[in-house]
Amino acid sequence: MKKFFFILPVILSLACQQTKTGSDSMGTKVSSSDTHSFSQPQNAVVKHLDLDINVDFKSQVISGKASWQIENIAKAEEIVFDTRQLLIEKVSLGDDEKETSFSLGDSVQYLGKALKVRIESNTERVTIYYRTSKDAAALQWLNPQQTAGKKQPFLFTQSQAILARTWIPCQDSPGIRFTYNATVSVPKELMAVMGAENPQEKNAEGKYRFRQPHPIPSYLMALAVGDVAFKAIDQRSGVYAEPVTLQKAAYEFADMGKMITAAENLYGPYKWGRYDVLVLPPSFPFGGMENPMLTFATPTVIAGDRSLVSLIAHELAHSWSGNLVTNATWNDFWLNEGFTVYFERRIVEAVYGKDEAVMQEVLGSQDLHSTLEDLGPTSPDTRLKADFTGRDPDEGVSDIAYEKGFAFIRSIEETVGREKLDAFLKEYFQSHAFQSVTTEEFIAYLEEHLIKGDKSLEQKLDLKNWIYKPGLPANALNIESGKFQAIDALLEKFKTSGDVSTLSNVNRSTNELLYLIRHLPEDISAPQLTAIDKEFEFTQSGNSEIQAAWYMLAIRKEYKPAYPQIEKFLTEVGRRKFLLPLYKEMIKTPAGKVWAKKIYSNARPNYHSVAYHSIDELLPGR
Ligand code: BES
Ligand code: ZN
């Protein structure tokens, strides 16, 4: 009931919004079909941002000005921006900064407040003076204790999906693109980096200048400030990390150059100049975030053996699917993630071989099946084209966009063959570069360039079923991995003999160990778990994926020897993908719930808002 009252104003405000389309002076289509933004780009739209901000760690506030070059398409009297948790101090127009009036709309859950600025028919620049608030959802301010080096504080942003508006007043829709320049002042012991052209060294004044020459959507605005250093991997790629993490990170990501080349061989030139990765402190809520030119990554992918670097392949792939060709609204999110997972696995295949890619495909397909089971195969949330209207799009992130999206493209590959699909995708990225695309536009493009009126192909592909219907269509592939079949055979022996030593022949690669953990029999006994742990040292593993999988089982089976490590993991790591399933598993029993609350009350200050918002819903009244 409580929820409904929150949602009601959203529904009301969105019900009045219809798609309105216009074109800017370059003929680029602008429409306002995004139900997660207040902006009215068909009337007045942003083109370029000059950002000048100061980052103050003492007050945990970013303050300064966002000066927007705009195009007043409809000669409108106002331009609308998105804001949330921002304090707007003053707004001016033009290069001579003539003060103008503005108003803030009512606050709507998740969406924040519309900022309506009075403009003139010939207005080309709107400058907004503002400051963030202490609890800005995009920002995580870490004290030195929460970093790897423990000496300096750290700040990072996470703007996707609709959090950019909590640190920059902007038209916060993935359908709107702009270029930017930024000047960022920080304490002089720290370095600032952005999703843009970056410095490689600290400077004495603590003032950093950035340039993003390509038009990007607001969710790709990103900033990190901390004691970070840079190490090159090759001419156009490298890693940023805290000094104590830098060498390990550079070792782990040594194949980045090869990945970029593999990606280019598949789908055309990398258009962004450099590709670097920033390794964040462990509270980073995602595995990775594809900020342009500078992927943000969790340190939990540093396993020491490069076995989790498909995450880098994924974020790199977004440089095409996502950053170059962008989902027009969050309901089209599968266009970003489904293509990216497909592309990621093609990069993995090119750099690490077919076996590796197939194993990841099978593990992903298992994730998809368990998500379908959780949501129910007829749930509307299992459709590729989603409807997050009235909800926070961040909460709608599930394996559907990723793995059902992948399965769809994989089934197209199977039907038309690689050669045709690759040529089609290359052309799709090329022809839509620096544009945003709706699901419907994609379908039309695919019909025109791949199906070309071939009725039997159209029937085989079953597009509409894949995209608009829940569940999994009949032509979804069933992929087998020879490596995993070998484990199945050993598991069969184990099930009949009960003897853990039959498992000692399992290969010790990360994928194979994950497969093993996931397929241990449900009725496994405590002594068997102990023996398996002794054989494989899962509880003490330094590989976060293995830890997360093993800890799930340990919680389900109440395998107490793992409990201290589980507590440590939940307290140090802030990656939502690991936290949510573990807490969900814990709260299934009364004792587990007490335990979960105890850990959570201690760990919550270490989590970013996107992580703790999701967990707050699981553990209300902590
Ligand atoms: N862009 C996403 C992260 C994201 C999605 C942030 C939706 C906010 C809202 C990123 O590319 C991603 O998918 N990350 C995955 C890793 C990947 C290997 C599947 C993650 O963080 O787990
Ligand atoms: Zn992604």
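In this report, the structure presented in the accompanying data block is examined. (Residues numbered from 1 in each chain as written. Chains lettered and ligands numbered in written order. Predicted model: local features only at pLDDT ≥ 70, side-chain atom pairs only at ≥ 80, totals over all residues. Heavy atoms only, no water.)

**Description of the pairing of strand β18 (residues 237-241)**
So, step 1. Along β18, 5 of the 5 residues are buried, which leaves the element largely enclosed by surrounding structure.
So, step 2. Where burial is concerned, the two faces of β18 agree: the one with Ser-237, Val-239 and Ala-241 and the one with Gly-238 and Tyr-240 are both buried.
So, step 3. Note that strand β17 (residues 229-234) and β18 share 5 bridges and pair antiparallel. The partner of Phe-230 across the bridge, within β18, is Tyr-240.
So, step 4. Once β17 ends, the chain turns through 2 residues before running back antiparallel as β18.
So, step 5. Strand direction decides the pairing type here: β18 and strand β19 (residues 275-279), joined by 4 bridges, are parallel. (Buried < 20%, exposed > 50% of the residue type's maximum accessible area, 1.4 Å probe, protein only. Helix = DSSP H or I, 4+ residues; strand = E, 2+ residues; numbered from the N terminus. Pairing = 2+ DSSP bridges.)

**Quick word on the site of ligand 1**
So, step 1. Neighbouring ligand 1 are 18 residues; Gln-160, Gly-287, Glu-290, Glu-315 and Tyr-402 lie closest to it.
So, step 2. The contact in question runs from a nitrogen atom of ligand 1 to an N or O atom on the backbone of Gly-288, over 3.3 Å.
So, step 3. In isolation ligand 1 exposes 530 Å². Once the protein is present, 89% of that is buried.
So, step 4. Counting only elements with at least two residues in the shell around ligand 1, the list comes to β20 (288-289), α4 (310-317) and α5 (333-352).
So, step 5. In terms of residues, the shell around ligand 1 owes the most to one element, α4, which gives 3 residues.
So, step 6. Taken together, the residues of the shell around ligand 1 sort by class into 6 nonpolar, 6 polar and 6 charged. (Near = heavy atom within 4 Å. Polar contact = N/O pair within 3.5 Å; in protein donor to acceptor, adjacent residues only side chain to side chain. Areas by Shrake-Rupley, 256 points an atom, 1.4 Å probe, with all protein chains shown as cover. Nonpolar A, V, L, I, M, F, W, Y, C, P; charged D, E, K, R; others polar.)

**As for the packing of α5 against helix α7 (residues 399-416)**
So, step 1. Interhelical geometry of α5 versus α7 gives an angle of 65° and a closest axis separation of 7 Å. Considering only the axes of α5 and α7, their crossing is right-handed. For the pair α5 and α7, contact is made by Phe-333, Trp-334, Glu-337, Gly-338, Phe-339, Val-341, Tyr-342, Arg-345 and Arg-346 and by Ala-401, Tyr-402, Glu-403, Gly-405, Phe-406, Phe-408, Ile-409, Arg-410 and Glu-413, respectively.
So, step 2. Its residues placed into classes, the contact of α5 with α7 shows 10 nonpolar, 2 polar and 6 charged. (Axes fitted to C-alpha atoms, helices over the stretch in contact; angles between N-to-C directions. Left-handed = near helix turned anticlockwise from the far one by under 90°. Contact = heavy atoms within 4.5 Å.)

**Concerning helix α6 (residues 354-375)**
So, step 1. Compared with the 32 Å implied by 1.5 Å per residue over 22 residues, the 31 Å span of α6 between its first and last C-alpha is a close match.
So, step 2. Restricting attention to buried positions, one finds in α6 the residues Glu-356, Ala-357, Val-358, Met-359, Gln-360, Glu-361, Val-362, Leu-363, Gly-364, Leu-368, Thr-371 and Leu-372.
So, step 3. In the core, the buried residues of α6 are packed alongside α4, α5, α7, α12 (482-497) and α13 (510-518).
So, step 4. Looking one or two places after α6, you find Gly-376, whose phi comes out positive at around 90°. (Expected span 1.5 Å × (residues − 1).)

**Examining the sheet that holds strand β15 (residues 207-217)**
So, step 1. In spatial order, the strands read β7-β6-β10-β4-β3-β13-β15; together these 7 strands make up an open sheet with mixed pairing. Edge strands, defined here as strands with exactly one partner in the open sheet, are β7 (98-99) and β15.
So, step 2. Pairing of strand β3 (residues 45-56) with strand β4 (residues 61-71), which is carried by 11 bridges, proceeds in the antiparallel orientation. Across the sheet, Leu-51 pairs through a bridge with Ala-66, a residue of β4.

**As for the coordination of the zinc ion (ligand 2)**
So, step 1. Bound to the zinc ion (ligand 2) on the protein side are His-314 (NE2), His-318 (NE2), Glu-337 (OE) and Glu-337 (OE), at distances that span 2.0 to 2.7 Å.
So, step 2. Its 6 donor atoms give the zinc ion (ligand 2) angles of 53 to 159° at the centre, a pattern that matches the irregular case.
So, step 3. The sequence pattern describing where the donors of the zinc ion (ligand 2) fall on their chain is H-x3-H-x18-E. As far as the burial class goes, His-314 and His-318 line up, both buried. (Donors = N, O, S within 2.8 Å, 3.2 Å for Na, K, Ca; no water. Tetrahedral: all angles 85-135°; square planar, octahedral: opposite > 155°, others 65-115°.)

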